[in-house]
There are 2 protein chains.
Amino acid sequence: MTDPLDAIFAALSDPTRRAILTMLLEDDMAVTDVAEPFAMSLAAISKHLAILAAAGLIAREKRGRVKWCKLEPDAMRAASVWMQGFGQFEPVNLDAFERFLETELAGATEGGHDPLAD
Amino acid sequence: MTDPLDAIFAALSDPTRRAILTMLLEDDMAVTDVAEPFAMSLAAISKHLAILAAAGLIAREKRGRVKWCKLEPDAMRAASVWMQGFGQFEPVNLDAFERFLETELAGATEGGHDPLAD
DNA sequence: TGTTTCGTCAACCATGTGGTTGAATATGCC
DNA sequence: GGCATATTCAACCACATGGTTGACGAAACA
């Protein structure tokens, strides 16, 4: 697995792990709390979290005896950027798109656009 | 019961399959031609294509004795939409992308190359 | 017709993955 | 210190995955 995308997409291919990521969207969580809604052992969840962390999708930080998990957006962004090369939009110039986004954000940083409302 | 995203992300997690998708971005291809640049058997590539097709990422159509493979963008779009749920971290926003394309296409419609046009 | 090309199928193998259980390793609390 | 809590480690199991090779069917062509 040399390409980081291998680990990222593999991590995303499991429904338990996608559910964990969705939970972490609400808030950072301790491992035990992440495991609570799932019908599987804590050790299994711990493994899932290790896979997500290895893929760079989450970060884990130990405070006291509790290990907190939080989303790490860069990995998912890398996957998303790769995927933008496909779809009905081809061919596309990603560099130009990035420049476009910068000009957009330059005038809209205070805007209330909710990306989940789409 | 199994989420289609399972198959989509699993299919995308293999570098050979991602390379195949990238090749198909240029043009539709026959199975033998897809296999040509890879250092593995035709049967292995055939399996990869079956996995991509099962995930809905490509479609295969037999004309004569040649089976043509082409991209099927909807599946990847579904994965992209799921990732948009993490949009608070995600700068590659589909709305912005569409706006970007309008500005791009406004001056480049005569560019001509459009492998997905049917 | 027979042969070549295209692609899949079937069997097999090595390794990876997702789960279990039980022991081990912190850390916090009385 | 002694004990409960939080998390991981280690060994194990069933099954999936990615690859191989060889045989096979179907279409084109001499």
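The preceding data block contains the structure.
Position numbers for residues count from 1 along each chain, tracking the sequence in the order it is written. Each chain takes a letter, starting from A, and each ligand takes a number, starting from 1, following the order in which they are written. For this predicted model, a pLDDT threshold of at least 70 governs which residues receive local features, and a threshold of 80 or more governs which side-chain atom pairs are given and counted, while totals over whole chains, interfaces and linings are taken from all residues. Values shown for side chains rest on all heavy atoms present in the structure; no hydrogens or waters enter the calculation.

1. Examining the overall build of chain A
For step 1, the next point in the chain: Each helix is a run of DSSP H or I of at least 4 residues and each strand a run of E of at least 2, with the numbering of both proceeding from the N terminus. The helix and strand inventory of chain A stands at six helices and three strands.
For step 2, the next point in the chain: Going from the N terminus to the C terminus, chain A shows its helices and strands as α-α-β-α-α-β-β-α-α.
For step 3, the next point in the chain: Note on exposure labels: buried denotes an accessible area under 20% of the residue type's maximum, exposed denotes more than 50%, and partly exposed covers the range between, all computed with a 1.4 Å probe on protein chains only. Burial status across chain A gives 41% buried among its 118 residues.
For step 4, the next point in the chain: Each accessible area value is a Shrake-Rupley result obtained with a 1.4 Å probe; residue values ignore everything except the protein chains displayed when judging cover. As displayed, chain A offers around 6,500 Å² of accessible surface, 53% of which is attributable to carbon and sulfur atoms.

2. Digging into the sheet that holds strand β2 (residues 58–63) of chain B
Residue and element names in this part refer to chain B.
For step 1, the next point in the chain: Paired strands, in this sense, are two strands between which DSSP finds at least two bridges. Spatial ordering of the open sheet is given by β1-β3-β2, a layout of three strands whose pairing is antiparallel. The open sheet is flanked by β1 (29–30) and β2, the only strands paired with a single partner.
For step 2, the next point in the chain: Against the sheet, helix α2 (residues 15–26) makes contact with β1, β2 and β3 (66–71), and its axis sits at roughly 90° relative to β3, the strand it touches most.
For step 3, the next point in the chain: Strand contacts of helix α4 (residues 42–54): β2 and β3, with the helix running at about 120° to β2, the strand carrying the most contacts. By definition, residues are in contact when any of their heavy atoms lie within 4.5 Å. Helix axes are fitted to C-alpha atoms over the stretch in contact, other axes to C-alpha atoms as well, and angles between N-to-C directions run from 0 to 180 degrees.

3. Remarks on the protein's contact with DNA strand C
For step 1, the next point in the chain: If you check the shell around DNA strand C, you find 24 residues, and the closest are Ser41, Lys47 and His48 of chain A together with Thr32 and Ser46 of chain B.
For step 2, the next point in the chain: The protein-proximal atoms of DNA strand C, defined as those within 4 Å of the protein, are 69% sugar or phosphate.
For step 3, the next point in the chain: Side-chain polar atom of Ser41 of chain A to a phosphate oxygen of DNA strand C: 2.7 Å apart, as the coordinates give it.
For step 4, the next point in the chain: At a separation of 2.9 Å, a base oxygen of DNA strand C approaches a polar side-chain atom of Arg65 of chain B.
For step 5, the next point in the chain: Elements represented by at least two residues in the surface near DNA strand C include exactly α4 (42–54) of chain A together with α3 (31–35), α4 and β3 of chain B.
For step 6, the next point in the chain: For the surface near DNA strand C, the element with the highest residue contribution is α4 of chain A, accounting for five residues. Nearness here has a simple test: a residue counts as near a molecule or strand if at least one of its heavy atoms is within 4 Å of that partner. For the purposes of these results, a polar contact is taken to be a pair of N or O atoms within 3.5 Å, where, inside protein, one atom must be able to donate a hydrogen and its partner to accept one; residues adjacent in sequence count only when each atom of the pair is a side-chain atom.

4. Regarding the protein's contact with DNA strand D
For step 1, the next point in the chain: The environment of DNA strand D is formed by 22 residues, the closest being Thr32 and Ser46 of chain A together with Ser41, Lys47 and His48 of chain B.
For step 2, the next point in the chain: Each atom of DNA strand D within 4 Å of the protein was assigned to sugar, phosphate or base; sugar and phosphate come to 62%.
For step 3, the next point in the chain: Contacts to DNA strand D include Arg17 of chain B, whose side-chain N or O atom sits 3.0 Å from a phosphate oxygen.
For step 4, the next point in the chain: Interatomic distance of 3.5 Å between a backbone N/O atom of Arg65 of chain B and a sugar or linking oxygen of DNA strand D.
For step 5, the next point in the chain: Here the surface near DNA strand D gets five residues from one element, more than from any other, and that element is α4 of chain B.
For step 6, the next point in the chain: When grouped by side-chain class, the residues that make up the surface near DNA strand D number nine nonpolar, five polar and eight charged. Any residue outside Ala, Val, Leu, Ile, Met, Phe, Trp, Tyr, Cys, Pro, Asp, Glu, Lys and Arg is labelled polar, Gly included; the first ten of those are nonpolar and the last four are charged.

5. Topic: helix α1 (residues 4–12) of chain B
Turn by turn, an α-helix covers 3.6 residues, leaving residues three or four places apart pointing in a common direction.
For step 1, the next point in the chain: Taken together, the buried positions of α1 of chain B are Leu5, Asp6, Ile8, Phe9, Ala11 and Leu12 of chain B.
For step 2, the next point in the chain: Considering only its buried residues, α1 of chain B is in contact with α1 (4–12), α2 (15–26) and α5 (73–83) of chain A together with α2, α4 and α5 (73–84) of chain B.
For step 3, the next point in the chain: Where α1 of chain B begins, the side chain of Asp3 of chain B points an oxygen toward the backbone nitrogen of Leu5 of chain B, at a separation of 2.8 Å.

6. Section: the pattern of salt bridges
Residue and element names in this part refer to chain A.
For step 1, the next point in the chain: Just to be clear on terms, a salt bridge is a Lys or Arg side-chain nitrogen sitting within 4 Å of an Asp or Glu carboxyl oxygen. Tallying each qualifying case throughout the model produces eight salt bridges over all chains.
For step 2, the next point in the chain: With its nearest N and O atoms 2.7 Å apart, the salt bridge here joins Arg77 to Asp74. Placement of the pair is Arg77 and Asp74 together in helix α5, with a separation of three residues, close to one helical turn.

7. So, the sheet that holds strand β2 (residues 58–63) of chain A
Residue and element names in this part refer to chain A.
For step 1, the next point in the chain: Taken in spatial order, the three strands line up as β1-β3-β2 in an open sheet, and their pairing is antiparallel. Across the chains shown, the open sheet's two edge strands, defined by having one partner strand only, are β1 (29–30) and β2.
For step 2, the next point in the chain: Docked against the sheet, α2 engages β1, β2 and β3 (66–71), running at close to 90° with respect to β3.

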